[in-house]
Amino acid sequence: MPVLTASGAADVASARDAVLLDGRAAERFRGETEPIDPVAGHVPGAENLPAATLIGDDGHWRAADDAASVLRPLVEEAGAVGAYCGSGVSAAMLVLGLEHAGLRTPGDPAGLYVGSWSHWCGTGRPVETGPGTVAT
């Protein structure tokens, strides 16, 4: 699986043909609240898709076609796809969810920014706040 550095995540977020998914809750993405890290907001250019969106009301993964309907609008035109969250755990769900939905293959998986928001905001990198694109 590709692992993204902070610079790699920034490259994905800023590329025209790529998308960097933020798997945190929308209010954290928008910068309205940040219960863990010292800075609120998101990686500039990232798109928000809370990882919990891929879990159904029964607590199990959504069916592959249902997950695809949520993910496809964000990634179908993308060459490279990356994911991050607060600390890397929920982002791993997005990476797996993309394969589960058939939108990425084991031969062409999404990249995981393991350091995620905790690393990004702790290294003084630029921060964006506001709605951006939030999928639910």
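Up top you'll find the structure we're talking about.
Below is a short write-up of the structure. (Residues numbered from 1 in each chain as written. Predicted model: local features only at pLDDT ≥ 70, side-chain atom pairs only at ≥ 80, totals over all residues. Heavy atoms only, no water.)

So, about the overall build of the protein. Helices and strands together make up the secondary structure of the protein, namely five helices and four strands. In sequence order, the protein lays out its α and β elements as α-β-α-β-α-β-α-β-α. Its C-alpha radius of gyration of 14 Å places the protein within 12% of the 14 Å reference for a compact globule of 136 residues. C-alpha atoms of the protein, sized along the principal axes, occupy 40 × 30 × 20 Å. Taking all 136 residues of the protein together, 45% fall into the buried category. Restricting the contact set of the protein to residue pairs at least 6 apart, pairs at least 24 apart contribute 74%. Summing over all exposed atoms, the protein offers an accessible surface of approximately 6400 Å²; the carbon and sulfur share of this is 52%. In the protein, which carries 8 positive and 17 negative side-chain charges, the distance between the mean positions of the two groups comes to 4 Å. (Helix = DSSP H or I, 4+ residues; strand = E, 2+ residues; numbered from the N terminus. Rg over C-alpha atoms; globule rule 2.2 N^0.38 Å. Buried < 20%, exposed > 50% of the residue type's maximum accessible area, 1.4 Å probe, protein only. Contact = heavy atoms within 4.5 Å. Areas by Shrake-Rupley, 256 points an atom, 1.4 Å probe, with all protein chains shown as cover. Lys, Arg positive; Asp, Glu negative; His and termini not counted. Charge placed at Lys NZ, Arg CZ, Asp CG, Glu CD.)

Let us now look at the nonpolar core. Within the largest apolar cluster, 22 residues are counted, with the highest numbers of intra-cluster contacts made by Leu21, Val75, Val81, Leu94 and Leu98. Listed by contribution, the elements that provide at least two residues to this core are strand S1 (18-22), helix H3 (64-75), strand S3 (80-84) and helix H4 (89-100). With six residues, H3 is the largest single contributor of residues to this core. The contact partners of leucine 21, leaving out residues within four places of it in the chain, are Glu47, Leu74, Val75, Val81, Gly82, Ala83, Tyr84, Leu94 and Leu98. (Core = buried A, V, L, I, M, F, W, Y, C linked by side-chain atoms within 4.5 Å.)

Before going further, it helps to examine the pairing of S1. A large share of S1 lies buried, amounting to five of its five residues. Both faces of S1 are covered, namely the face carrying Ala18, Leu20 and Asp22 and the face carrying Val19 and Leu21. Pairing geometry for S1 and S3, over five bridges, is parallel. Looking at the pairing, leucine 21 lines up with alanine 83 of S3. (Pairing = 2+ DSSP bridges.)

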